[in-house]
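The lines below spell out each chain.
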Amino acid sequence: MKNIAIIGSGTWGVALAMHLSNIGHNVKLWAFMQEEADNINIERKCKFLPDVRINDNITCYTDIQKVVEGTDMILHVTPSKFVRETIKKYKDYVTNQPIIMCAKGFEAETLCTLSQIIEQEMPNSKYGIFSGPSHAEEVSVGIPTAIVIASKDEEVRNLVQETFMNEKMRVYTSDVTHHGIGSMSAREREAGIATEIDLGDNSFAALITRGLVEITRLGTAMGGKHDTFYGLSGLGDLIVTCMSEHSRNRRAGRLIGKGYTVEQARKEIGMVIESIDNI
């Protein structure tokens, strides 16, 4: 049994908390707003996972120091645009826990990857990138999922694999830290638009295929390995987000296909839309 800190109380943070608590780990969540913490602690609910009752061994705080101290691992699950400012809030409380980045995207102002932000803000910390085809709606209720933990540090890879893996989640390891890049593409939004305006299967297949090419070109130009982008965190993530109605990017695209503006689509979905907000 391990003590896990999860920085971020949105759908993905709650889904990971549910998975880990079901295995038997103790989980502390950090929420930016007291309203979110109260909803989790009192109502045992997450606003955007209405069918999930949050386990009793999950506790949520707005005090980030209380969440981080005394834990074995920190999962960072905020939208990418908040990654740097949030790391600044807790980095002084980190001892030797690895930081596991569970978000995706770039920092818009600097074009830094999220791993680069960790290296800049916490240069002596061990870290990993957790990515792959995984929707919070499915992970939170135990639907089987395969995912990748990528880290330069073998100890981090083994720790995450041992902590997460059970009959419901298969965790693969990689020493390639460019996995986070493979999860990013605007093609997911375009797939939603194509679906809504009924462009057909030919166009849909072309969008996914060209999206993979774009991700691979970008990733290899940044030093990644070509084969990485044909794995779970590249092709796998692209397929699941282009094809699933759980995908906020696809849902945003469908709304835009109906004639909504980007701002109207953002308001309708009510959560971060990675292809609009994070890249």
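Residues numbered from 1 in each chain as written. Predicted model: local features only at pLDDT ≥ 70, side-chain atom pairs only at ≥ 80, totals over all residues. Heavy atoms only, no water.

Draft legend 1. Quick look at unusual backbone geometry. One non-glycine residue, Arg44, adopts positive backbone phi at about 60°. Within the secondary structure layout, Arg44 lies in the loop between α2 (34-43) and β3 (58-61). Overall, the relative accessible area of 9% leaves Arg44 in the buried class. The phi dihedral of Leu111 is positive, around 60°, even though this residue is not glycine. Looking at the secondary structure, you find Leu111 in the loop between β5 (99-101) and α5 (114-121). What makes Leu111 exposed here is its relative accessible area of 61%. (Helix = DSSP H or I, 4+ residues; strand = E, 2+ residues; numbered from the N terminus. Buried < 20%, exposed > 50% of the residue type's maximum accessible area, 1.4 Å probe, protein only.)

Draft legend 2. Examining the sheet that holds strand β6 (residues 127-131) more closely. Ordered in space as β3-β2-β1-β4-β5-β6-β7-β8, the eight strands form an open sheet in which the pairing is mixed. The open sheet has two edge strands with one neighbour each: β3 and β8 (169-174). Between one strand axis and the next, the sheet turns through 25° on average, direction left out of account. When strand β1 (residues 3-7) meets strand β4 (residues 73-76), the two strands line up parallel, connected through four bridges. In the sheet register, Ile7 faces β4, and the bridge partner there is His76. (Pairing = 2+ DSSP bridges. Axes fitted to C-alpha atoms, helices over the stretch in contact; angles between N-to-C directions.)

Draft legend 3. Spatial organisation of the pairing of β6. Counted residue by residue, β6 has five buried out of five residues, so it is predominantly covered. The alternating pattern of β6 places Tyr127, Ile129 and Ser131 and Gly128 and Phe130 on opposite faces, both of which are buried. Examined bridge by bridge, β5 and β6 share three bridges and lie parallel to one another. Its bridge partner lying in β6, Met101 is registered against Ile129. Traced from β5 through α5 to β6, the parallel crossover comes out right-handed. Of the strand pairs in this sheet, β6 and strand β7 (residues 145-150) are connected by three bridges, and their pairing is antiparallel. (Right-handed = clockwise from strand over helix to strand, strands pointing away.)

Draft legend 4. View of the nonpolar core. Ile6, Trp12, Leu16, Leu75, Ile100, Phe130 and Phe164 are the most contacted members of the largest nonpolar core, which totals 36 residues. Among residues more than four places away in sequence, those in contact with Leu75 are Ile4, Ala5, Ile6, Ile7, Leu16, Leu20, Ile100, Cys102 and Phe164. Judged by nonpolar contacts, the second largest core, of 22 residues, contains Ala5, Cys112, Leu114 and Ile129. (Core = buried A, V, L, I, M, F, W, Y, C linked by side-chain atoms within 4.5 Å. Contact = heavy atoms within 4.5 Å.)

Draft legend 5. Molecular detail of the side chain of Lys104. The topology assignment puts Lys104 in the loop between β5 and α5. A polar contact of 3.3 Å, which involves the side chain of Lys104, links it to the side chain of Asp237. (Polar contact = N/O pair within 3.5 Å; in protein donor to acceptor, adjacent residues only side chain to side chain.)

Draft legend 6. Inspection of the packing of helix α11 (residues 248-257) against helix α12 (residues 262-269) at higher detail. Two numbers describe how α11 lies on α12: the axes approach to 9 Å, and their chain directions differ by 130°. Between α11 and α12, the interaxial angle falls into the category oblique. As for how α11 packs across α12, the hand of that crossing is right-handed. Seen from α11, the contacting residues are Arg248, Arg251, Ala252, Leu255 and Ile256; seen from α12, they are Val262, Ala265, Glu268 and Ile269. A class-by-class count of the residues in the contact of α11 with α12 yields six nonpolar, no polar and three charged. (Parallel < 35°, antiparallel > 145°, perpendicular 65-115°, else oblique. Left-handed = near helix turned anticlockwise from the far one by under 90°. Nonpolar A, V, L, I, M, F, W, Y, C, P; charged D, E, K, R; others polar.)

Draft legend 7. Structural view of the environment of Lys168. Tracing the sequence through the fold places Lys168 in the loop between α7 (154-164) and β8. According to the relative accessible area criterion, Lys168 is partly exposed, its value standing at 35%. With sequence-adjacent residues up to four places away left out, Lys168 is seen in contact with Gly142, Ile143, Pro144 and Thr145.

Draft legend 8. Highlighting helix α1 (residues 11-23). The end-to-end C-alpha distance of α1 is 19 Å, a good match for the 18 Å that 13 residues give at a rise of 1.5 Å each. Of all 13 residues making up α1, eleven are buried, and the element is well covered by its neighbours. Inspection of α1 places Thr11, Trp12, Gly13, Val14, Ala15, Leu16, Ala17, Met18, His19, Leu20 and Ser21 among the buried residues, and these make up the whole buried set. A positive phi of about 125° marks Gly24, the residue just after α1. (Expected span 1.5 Å × (residues − 1).)

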